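Per-entry structural report
Below are the chains, spelled out letter by letter.
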Amino acid sequence: MKRRDFVKGIVLASGIVGITPFIPAGKFLVTTFSFKYVRQKIANVNDIPPNNRLLFTYPKTGDIEQDSDPFRKFLLIRLPNGEFKAYSAVCLHLWCIIDYKPDKVDIECPCHGSTYNAQTGVAFKGPASKQFNKTLPEVKLEIDDNGDIYANGVIGVIGYGREGA
Amino acid sequence: MDRGMYISSHLLILFGIIGTWLSLYSNISDSFKELAGVSILLIVLGLMTLPVALLKNGPPNLKQLSPTAGVLIIGVILIGLPIFTGPPRVVESGRIINITLISTEWAFNQTNPTIQVELGDRVRITLINNGTITHSIEVVGLGPPSPKINPGENITIEFVATKEGTFDYICPIPGHAEFGMHGKFIVTSRTK
Amino acid sequence: MGEKGHKNIGKLLADLYNWVIDRLRRTVLFGIRLVIPKKLLSIHGFLGMLTLVTFIILGVTGVLLAFYYKPSITQAYTSVKLINNEVEFGIIIRNIHYHAANAMLILAIYHLFYQLFSGKYKVRNEVIWITGIITGVLTFLEAYTGYDLILNERGVLAINIGASLTNSVPIIGRTLASILLGFGFSDIILHFYIFHILVIPLLMIIILTIHLPRNLIFDPPVVAVLGGAILIAAGLYPVPLGEGFNPNIPPGITVPEWYITGLYALLRTGIDKFVAGVLLPTLFIVYFLLIPFIDKNKSMSWHDRPLITGLGIAGLAQIALTTVWGFYINPNKVIGLAERLAIDPIQFYIILAIIIAASIIASYVYSIYIHPKISQNRTSNKTVKNFKFTISERAITALVIAAIAIQVILTIYSINSYANKLYNISMISMGASLTIFGFLIHLARIFSAQEGD
Ligand code: FES
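Residues numbered from 1 in each chain as written. Chains lettered and ligands numbered in written order. Predicted model: local features only at pLDDT ≥ 70, side-chain atom pairs only at ≥ 80, totals over all residues. Heavy atoms only, no water.

**Some points on the overall build of chain C**
- When helices and strands are tallied, chain C shows 16 helices and 2 strands.
- In terms of overall dimensions, chain C has C-alpha extents of about 85 × 65 × 45 Å along its principal axes.
- By residue count, 47% of the 453 residues in chain C fall in the buried class.
- Of all intrachain contacts in chain C linking residues separated by at least 6 positions in sequence, the fraction that spans at least 24 positions is 80%.
- Surface accessibility of chain C: about 23000 Å² in total, with carbon and sulfur atoms responsible for 71%. (Helix = DSSP H or I, 4+ residues; strand = E, 2+ residues; numbered from the N terminus. Buried < 20%, exposed > 50% of the residue type's maximum accessible area, 1.4 Å probe, protein only. Contact = heavy atoms within 4.5 Å. Areas by Shrake-Rupley, 256 points an atom, 1.4 Å probe, with all protein chains shown as cover.)

So, in structure tokens, the structure goes:
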């Protein structure tokens, strides 16, 4: 091997080694918000009677601007059988805020009438039901001995965007 | 005359005229009205490049001017004439019809009654929202929709029945008519 | 003394000017040669320059708007409303910004197709062509991120479409979405703001340095008239504010801006979102990128390469058709929203295919059968006369005085109608006055050319 080539090789190797630590720094741009979905108390069992609902902000920051974000709005539902469920309050279609209807035991969107099953969070009527992705993101709930309800993470993607029409 | 510019300025004007006509006068679809901004810009740009195209290498002859005249005449007919003629006038009959509709989910007055009026009648519809979500009222083809009103509020719209035929009255909020908030609105010819 | 003082000052200024110019000669500025034409030219020769002018107008008005705009969920819409309704001249600046954006896109498309039909991408211009296409795509993205910033119903519709398209990209979609959109509305609006005012314009400027030719034709009359056109269009159609986005109130059905409706039409055909919304548009762009390498024909004129010409016409017709079709919503308000928005895919794609086939056939027929005949006729009775405008001095004086008088009237009218809150009329008169200014510069040019003879 010629000396010149050797030097070139060394410079190249050194350059690669020098750049390597910067590659993971690309993560700076990728915002995975798992760290934002911290465990947070949202309500107590006694706050909400059976067959009723509560709109809550999660994760709550205390900043009005951030907390007014529709993507942070969730619906805590106490089904008639006493079971608790919490879904993202953002309709899968065009991002209106959905609401629970106690008389029909389902979740309805005021905008174009998408209707979701309150047990499973799956749309069965309206534009959202015609999409590929028709399940509302769900909040993982934990209830401790005092009856305090905690939110601890979200399953699914909020604000995925509608499909087709 | 400059051939390339001649072609493109005519194309610009033609696209603009079609767009403006679609947005202002066609009844094909409401949402075409959003085309207005860009169509008007196309016409203005086309009209401003036209003199350059025509005069560049000497004045055009009659044969070359005839497409220009054609395009301009199409424009005047499609866009200019409706401005002056306007919709056909209908003499008002002098009657005022008062109608009250109560909106709930998903019907007007529970049954969506058929409404019948005569040509030229002045119609006043009062909408009372007894539902749990926002509603509104529109007689499609006879007037613009009313503003959206919240539960418990009411609103009145007023228009003259200027066209004969069968129309739909609906809640124009997307999805609501689909779920049943629509009824028939019939305009018959005048009896006397 | 007075006479001498004048001379000294004049000499001083001339020296200063020469000194500055001499120093500037060493900078990159003098790499570009600005050519101001001496006579009326076809605007096809400098469409790119006109696009650049609108870009500069957009930059200036954009900076002005940025003084008042606030990229936040709660204040985005209210701050635009403030600009529109309260800030002095806010409505005019906003309308110029909106219509200049439309004009920039129109001119960019015009420029693209002119260069395509006239074969300017050959003769070592491949790099200019490719950077041009990239700048065009960036212009589109710039316009898209811009009109979402108002955060009205229309903007949110577009954000929603953009989010769903980004998410639909296989494998990297989620990562891409988190980079571009972040998390939640407050991030979306902030990211779009940064893209709109910094990232994309910066990229455009960088790429423009590889796109702009060394000789730039700058024609003051046409530029003035372009400004006038933007103002007149703004006066005829002041852009509405729309309704602010409120997730608790149902939006009326809105369609996106005209440069996205083509994409919207494709999406509404109901075929796979990734294919319709990302793959097909990308193929369209890639085709344009590849044109210089597909077209090996040496000839520049469009009738010598019927295939490329036919595809070009097809592209133009497709843009027009999908754009208009995207605006179409079934007017029958009784049926469901999904059905109203649905576009029959078979009908849609068959019509697109017919357009492509028809354009190619038409262009072959023209270039093989019709064109040779026409050009024969043309050469046989070609009477090239050396045409020159000659206007008597008196007529010119009369014209100039009349034009200036009209300008003065328009200006007074414009100021007066602004004071009376008739912004439309104010903008139209401003535009008309600017157009007359352009006409006057042109007149001056003719006059000095006659003088020179
Ligand atoms: S936004 Fe919920 S159905 Fe359209």
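**So, the pattern of salt bridges**
- As enumerated under the stated definition, the model contains 19 salt bridges over all chains in all.
- Here Glu108 of chain A and Lys104 of chain A are joined by a salt bridge, their closest N and O atoms 3.1 Å apart.
- A relative accessible area of 42% places Lys104 of chain A in the partly exposed class.
- The salt bridge partner of Lys11 of chain C is Asp15 of chain C, with a shortest N-O separation of 3.4 Å. Of this pair, Lys11 of chain C and Asp15 of chain C both sit in helix α1 (residues 2–24), 4 residues apart, which is roughly one turn of the helix.
- Using a relative accessible area of 53% as the deciding quantity, one classes Lys11 of chain C as exposed.
- Residues joined by salt bridges that share partners form a network here, namely Glu34 of chain B together with Arg154 and Glu257 of chain C. (Salt bridge = Lys/Arg side-chain N within 4 Å of Asp/Glu carboxyl O.)

**Notes on the nonpolar core**
- Leu76 and Trp95 of chain A together with Ile43, Leu50, Leu151 and Phe185 of chain C are the most contacted members of the largest nonpolar core, which totals 112 residues.
- Counting residues per element, this core draws most heavily on helix α4 (residues 90–117) of chain C, at 11 residues.
- Ile43 of chain C has contacts with Met5 and Thr49 of chain B together with Leu50, Tyr110 and Val222 of chain C, leaving out every residue within four places of it along the chain.
- Core analysis: the second largest hydrophobic core is formed by 28 residues, Leu101, Phe108, Val123 and Val187 of chain B among them. (Core = buried A, V, L, I, M, F, W, Y, C linked by side-chain atoms within 4.5 Å.)

**Quick notes on the sheet that holds strand β1 (residues 96–104) of chain B**
Residue and element names in this part refer to chain B.
- One open sheet accounts for 4 strands, arranged β2-β1-β4-β6; its pairing is mixed. Each edge of the open sheet is held by one strand with a lone partner, namely β2 (107–108) and β6 (154–160).
- Where β1 and strand β4 (residues 122–129) come together, 8 bridges link them in parallel fashion. Across the sheet, the residue bridging to Ile97 is Val123, located in β4. (Pairing = 2+ DSSP bridges.)

**Some thoughts on the side chain of Ser9 of chain B**
- Structurally, Ser9 of chain B is set in helix α1 (residues 3–24).
- Apart from residues lying up to four places away in sequence, Ser9 of chain B is in contact with Gly46, Thr49, Leu50 and Ala53 of chain B.

**Points about the side chain of Ser39 of chain B**
- On the secondary structure map, Ser39 of chain B appears in helix α2 (residues 36–55).
- The residues contacting Ser39 of chain B, other than those within four sequence positions of it, are Gly16, Gly19 and Thr20 of chain B.

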